[in-house]
Structures are given as C-alpha cells and as structure tokens.
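Now for the letters of each chain:
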Amino acid sequence: MRAIITIALQSLRLVARDKTSVIWMLLVPMLYIFIFGNAFRFEGDPSKNVAYLGVLNKDDGFLSHLLIEGIQSQNILIDTLVEEPKEPPTRMLVIPD
C-alpha cells in the first residue's frame, strides 16, 4: 500500500511541475462543462415537451372514455376527433366499435 501512495505522490509532483498538464487536466474540462451545460440547459426539462395525440373514438362506451382519461397527462395534448382526417396526424389512436 505504501508503494501505491509513493507512486501517486510522485505523479502529482510531476503534474504540478508541468503547467500545461494542469491546464489540460483541470481548466479545459471545466470550460467544456460550462459551455455544454449552458448550451443544453433546457433539453432535459420534461415540462416543456408536449406530445400531440389525435383520438378517434368510434366506440362511445365507458371503457373507451376510461382509456382516454388514463392517457391524459400534462405532457400529452389529446385532440378528440369527430371524423377521420384526410391526412392523419403524426400520432393517432383509433378506438374501434
């Protein structure tokens, strides 16, 4: 164990002597963390992402209404469709008769 500590201390002494290694090992990674942290700050915020779901409910039973209520959340915008659109939306759920 003593040999490991001696080798680690010797490596730290060599790093402390060379100023460019301190820059590359400490300052440059911290600069990268700052730049990418500010660039992608709001990417992981789930409250800003809202998904669209068009629902065509051909069955007017209580189970279909329970299904639609179960899907609803604050991150999903549910649009109840009366008739099937000519161009279907990106996401569409069709509940058959």
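See the structure above.
Residues numbered from 1 in each chain as written. Predicted model: local features only at pLDDT ≥ 70, side-chain atom pairs only at ≥ 80, totals over all residues. Heavy atoms only, no water.

Q: If you had to explain the sheet that holds strand E2 (residues 76–81) to someone new, which residues and values would you point to?
A: Pairing in this open sheet of 3 strands is parallel, and the strands run E2-E1-E3 from one edge to the other. Two strands bound the open sheet, and with one partner strand each, they are E2 and strand E3 (92–95). For this sheet, the mean angle separating the axes of adjacent strands, direction not counted, is 25 degrees. Sheet topology places strand E1 (residues 51–57) next to E2; 6 bridges connect them, and they run parallel. Bridging from a neighbouring strand, Ala-51 pairs with Ile-76 of E2. (Pairing = 2+ DSSP bridges. Helix = DSSP H or I, 4+ residues; strand = E, 2+ residues; numbered from the N terminus. Axes fitted to C-alpha atoms, helices over the stretch in contact; angles between N-to-C directions.)

Q: Talk me through the environment of Val-82; I want residue IDs and the actual numbers.
A: Locating Val-82 in the fold gives a position in the loop between E2 and E3. By relative accessible area, Val-82 is classed as exposed at 83%. Distance in space between the C-alpha atoms of Val-82 and Phe-36 is 45 Å, their sequence separation being 46 residues. (Buried < 20%, exposed > 50% of the residue type's maximum accessible area, 1.4 Å probe, protein only.)

Q: Requested: an account of the nonpolar core, with residues and values cited.
A: One finds Leu-53, Val-55, Ile-68, Ile-78 and Ile-95 forming the largest nonpolar core, which totals 5 residues. Not counting the four nearest positions on each side in its chain, Leu-53 is found in contact with Ile-71, Ile-76, Leu-77, Ile-78, Asp-79, Arg-91, Met-92 and Leu-93. (Core = buried A, V, L, I, M, F, W, Y, C linked by side-chain atoms within 4.5 Å. Contact = heavy atoms within 4.5 Å.)

Q: Run through a nonpolar patch on the surface, naming residues and quoting values.
A: Side chains of Ile-23, Trp-24, Met-25, Leu-26, Leu-27 and Met-30 sit close together on the surface and give an oily, nonpolar patch of about 680 Å² of accessible area. Counting through the fold element by element, Leu-26 comes out in helix H2 (residues 19–39). (Patch = residues over 30% accessible without salt bridge, like charges linked within 9 Å, V, L, I, M, F, W, Y side chains within 5 Å. Areas by Shrake-Rupley, 256 points an atom, 1.4 Å probe, with all protein chains shown as cover. Salt bridge = Lys/Arg side-chain N within 4 Å of Asp/Glu carboxyl O.)

Q: How would you sum up the side chain of Ser-64? Please name residues and give values.
A: Tracing the sequence through the fold places Ser-64 in helix H3 (residues 62–71). Looking at Ser-64, the relative accessible area reads 3%, which means it is buried. Look past the residues within four positions of Ser-64 in its chain and what remains in contact with it is Asn-57, Asp-59 and Ile-95.

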